[in-house]
Amino acid sequence: RKCSIRDVTSKEANKFFENNHIQGKCNSSINKALIFDDKIVSIASFSKSRFSKSYDYELIRFATKLNTIVVGGFSKLLKSFDKKGVLVSYADRRYSVGNVYEENGFKLSHITRPGYYYTKGGIRFNRQMFQKHKLENKLESFDKNLTEYENMIKNNYSRIWDCGQLVFTKEI
């Protein structure tokens, strides 16, 4: 209750997420922050839905400062998002069962199939960076007759699988 809400820039949000969210920064157009003692303690980032036209908006990231608890922070930031339509958000099943969504009126829409990432040299890369049509300009060695995966293995990348996503929606 002692926190105020302030819009923050993408640069501020990304710095916060790099330090406080397991997935790091994101691309978003609306960033709402909770401020306590002139410091950011929590941020929620929103944008137009990225993956489906079935939804109007997407809650892309939510994080609270490490080692900090902000009771009701998610709810307060969600209420500050003043758009109308269907909001979607995804919970990574490796880390979440989606309690915060259910506690705030979201409904479980569905569970996605497992997805994957690539890794090389201890760095994790999103698979969307390595779609086959993008590989020729990204890899040292590219063979158009090989699949995306075969080209990645040929270039010493490893593929790791996740556990899928919980997809939550809410009419706002």
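Below: a short report on this structure. Keep in mind that this is a model prediction, so the values were computed, not measured. (Residues numbered from 1 in each chain as written. Predicted model: local features only at pLDDT ≥ 70, side-chain atom pairs only at ≥ 80, totals over all residues. Heavy atoms only, no water.)

## Side note on the pattern of salt bridges
Any two side chains of opposite charge can pair, so long as their charged atoms come close to each other.
Next up, step 1: A full pass over the atoms with the stated rule returns four salt bridges.
Next up, step 2: The partner of Glu12 in a salt bridge is Arg6, and the shortest N-O contact between them spans 3.6 Å.
Next up, step 3: For Glu12, a relative accessible area of 30% translates into the label partly exposed.
Next up, step 4: Between Lys32 and Asp7 there is a salt bridge, with the nearest N and O atoms lying 3.0 Å from each other. Separated by 25 residues along the polypeptide, Lys32 in strand β2 (residues 30–36) and Asp7 in strand β1 (residues 4–7) bring together distant segments of the chain.
Next up, step 5: Of the residues examined, Lys32 reaches a relative accessible area of 11% and is grouped as buried. (Salt bridge = Lys/Arg side-chain N within 4 Å of Asp/Glu carboxyl O. Buried < 20%, exposed > 50% of the residue type's maximum accessible area, 1.4 Å probe, protein only. Helix = DSSP H or I, 4+ residues; strand = E, 2+ residues; numbered from the N terminus.)

## Considerations on unusual backbone geometry
Keep in mind that most residues, glycine aside, have a negative phi and that most peptide bonds are trans.
Next up, step 1: In this structure, Asp37 takes a positive phi of about 55° despite not being glycine.
Next up, step 2: Tracing the backbone through its elements, the reader meets Asp37 in the loop between β2 and β3 (39–48).
Next up, step 3: Residue Asp37 is classed as exposed on the basis of its relative accessible area of 60%.
Next up, step 4: For Asn67, which is not glycine, the phi torsion reads 60° and is therefore positive.
Next up, step 5: One can find Asn67 in the loop between β4 (57–64) and α2 (73–80).

## Let's talk about the layout of surface pockets
Next up, step 1: Considered as a void within the structure, the largest pocket measures approximately 1,600 Å³ in volume.
Next up, step 2: Around the largest pocket, the lining is made up of 47 residues, and of these His21, Gln23, Ile60, Arg61 and Gln165 lie nearest the centre.
Next up, step 3: Looking at the lining of the largest pocket, the elements that each hand over two or more residues are α1 (10–20), β4, α2, β5 (86–92), α3 (99–103), β7 (116–120) and β8 (123–126).
Next up, step 4: Looking at the lining of the largest pocket element by element, the count peaks at seven residues for β4.
Next up, step 5: Within the lining of the largest pocket, the residues separate by chemical class into 19 nonpolar, 19 polar and nine charged. (1 Å grid on protein atoms, 1.4 Å probe; cavity = no way out; pocket = protein on both sides within 12 Å on 5 of 7 lines; lining within 4 Å. Points joined across faces, edges and corners; volume = space filled by probe spheres on them. Nonpolar A, V, L, I, M, F, W, Y, C, P; charged D, E, K, R; others polar.)

## Observations concerning the sheet that holds strand β9 (residues 158–161)
Next up, step 1: Overall, antiparallel pairing links the three strands, which are arranged β8-β7-β9 in an open sheet. The open sheet is flanked by β8 and β9, the only strands paired with a single partner. Each neighbouring strand pair of the sheet contributes to a mean axis angle of 40°, computed without reference to strand direction.
Next up, step 2: In this sheet, β8 lies alongside β7 in antiparallel orientation, the contact comprising four bridges. Bridge pairing links Thr119 to Arg124 in β8. (Pairing = 2+ DSSP bridges. Axes fitted to C-alpha atoms, helices over the stretch in contact; angles between N-to-C directions.)

## Digging into the packing of aromatic side chains
Next up, step 1: Following the criterion strictly, the structure yields 15 aromatic pairs and no others.
Next up, step 2: An angle of 75° between the planes, with centres 6.2 Å apart, marks the rings of Phe16 and Phe17 as edge-to-face.
Next up, step 3: Overall, the relative accessible area of 7% leaves Phe16 in the buried class.
Next up, step 4: Here the aromatic rings of Phe125 and Phe130 are separated by 5.7 Å at their centres, their planes lie at 90°, and the arrangement is edge-to-face. In this pair, the class of Phe125 matches that of Phe130, namely buried. (Phe/Tyr/Trp six-rings, centres within 6.5 Å; stacked < 30°, edge-to-face > 60°.)

## What about the pairing of β5?
Next up, step 1: Burial analysis of β5 places five of its seven residues in the buried class, the great majority of the element.
Next up, step 2: Pairing between β4 and β5: three bridges, direction parallel. Directly across from Tyr57, in β5, lies its bridge partner Leu87.
Next up, step 3: Handedness of the crossover is the feature at issue here: the chain leaves β4, passes through α2, returns alongside β5, and the resulting connection is right-handed.
Next up, step 4: As judged from the seven bridges shared by β5 and strand β10 (residues 165–171), these two strands associate in the antiparallel manner. (Right-handed = clockwise from strand over helix to strand, strands pointing away.)

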